[in-house]
Amino acid sequence: QVQLVESEGGLVQPGGSLRLSCAASGSIFRLNVMGWYRQAPGKQRELVASIGSAGSINYADSVKGRFTISRDNVRNTMYLQMNNLKPEDTAVYYCNLKDGIRPPYWGQGTQVIVSS
């Protein structure tokens, strides 16, 4: 089993920045992909960004140039640096881990609100 714990989100003004973290613990396979998903009210959950254990990175078009995903494989922690936040970034952000063997693991979600 794997446990994923996200840092607290928060309320940020448009144009502001916020950094999320996700700490993984438990039985973590060395080869995996971690990612951030988000779900806004009334919308489907969508991929924000993902990063493989070897460093491959993928971003949603809507966040390219504004968000940066990174990970520390020693601490089993993933980060999402969010800059130039927009009201449309308001959502519950979820941490995800996939190893291709077991069902994907999810964090509990953390609320990010971008509003003036």
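Residues numbered from 1 in each chain as written. Predicted model: local features only at pLDDT ≥ 70, side-chain atom pairs only at ≥ 80, totals over all residues. Heavy atoms only, no water.

Participant: Quick question: what am I supposed to make of the state of the cysteines here?
Facilitator: Here is the idea: a disulfide is a covalent bond, and it sits between the sulfur atoms of two cysteines. The tally for this structure, following the rule as stated, stands at one disulfide. Cys 22 shares a disulfide with Cys 95; S-S distance 1.9 Å. Between Cys 22 and Cys 95 the sulfur-sulfur dihedral comes to about -70 degrees; the bridge is accordingly left-handed. With Cys 22 in strand E3 (residues 18-26) and Cys 95 in strand E9 (residues 91-98), the pair connects residues that are 73 residues apart, well separated along the chain. Given the relative accessible area of 0%, Cys 22 is considered buried. (Disulfide = S-S within 2.5 Å. Helix = DSSP H or I, 4+ residues; strand = E, 2+ residues; numbered from the N terminus. Buried < 20%, exposed > 50% of the residue type's maximum accessible area, 1.4 Å probe, protein only.)

Participant: Looking at this structure, I do not really get the side chain of Glu 6. What am I missing?
Facilitator: Tracing the chain through its elements places Glu 6 in strand E1 (residues 2-6). There is no salt bridge for the buried Glu 6, and the closest opposite charge comes from Arg 45, which lies 7.8 Å off by N-O distance. Only 2.6 Å separates the side chain of Glu 6 from the backbone nitrogen of Cys 95, close enough to count as a polar contact. At a separation of 2.6 Å, a polar atom in the side chain of Glu 6 contacts the main-chain amide nitrogen of Gly 109. With residues up to four places along the chain from it excluded, the contact list for Glu 6 reads Ser 21, Cys 22, Trp 36, Tyr 93, Tyr 94, Cys 95, Gly 107, Gln 108, Gly 109 and Thr 110. (Lys, Arg positive; Asp, Glu negative; His and termini not counted. Salt bridge = Lys/Arg side-chain N within 4 Å of Asp/Glu carboxyl O. Polar contact = N/O pair within 3.5 Å; in protein donor to acceptor, adjacent residues only side chain to side chain. Contact = heavy atoms within 4.5 Å.)

Participant: Just to check I follow, could you spell out the pairing of E1 for this structure?
Facilitator: The side chains of a regular strand alternate, first on one face of the sheet and then on the other. The side-chain alternation of E1 yields one buried face, formed by Val 2, Leu 4 and Glu 6, and one unburied face, formed by Gln 3 and Val 5. Relative to E3, E1 is paired through five bridges, and the arrangement is antiparallel. Bridge assignment links Val 2 to a residue of E3, and that residue is Gly 26. (Pairing = 2+ DSSP bridges.)

Participant: Would you mind going over the sheet that holds E3 with me for this structure?
Facilitator: Two orientations exist for strands paired in a sheet by backbone hydrogen bonds: parallel and antiparallel. Pairing is antiparallel across the open sheet formed by four strands, whose spatial order is E1-E3-E8-E7. Two strands in the sheet have a free side with no partner beyond their single neighbour: E1 and strand E7 (67-72). In this sheet, neighbouring strand axes are inclined to one another by 15 degrees on average, regardless of whether the strands run parallel or antiparallel. (Axes fitted to C-alpha atoms, helices over the stretch in contact; angles between N-to-C directions.)

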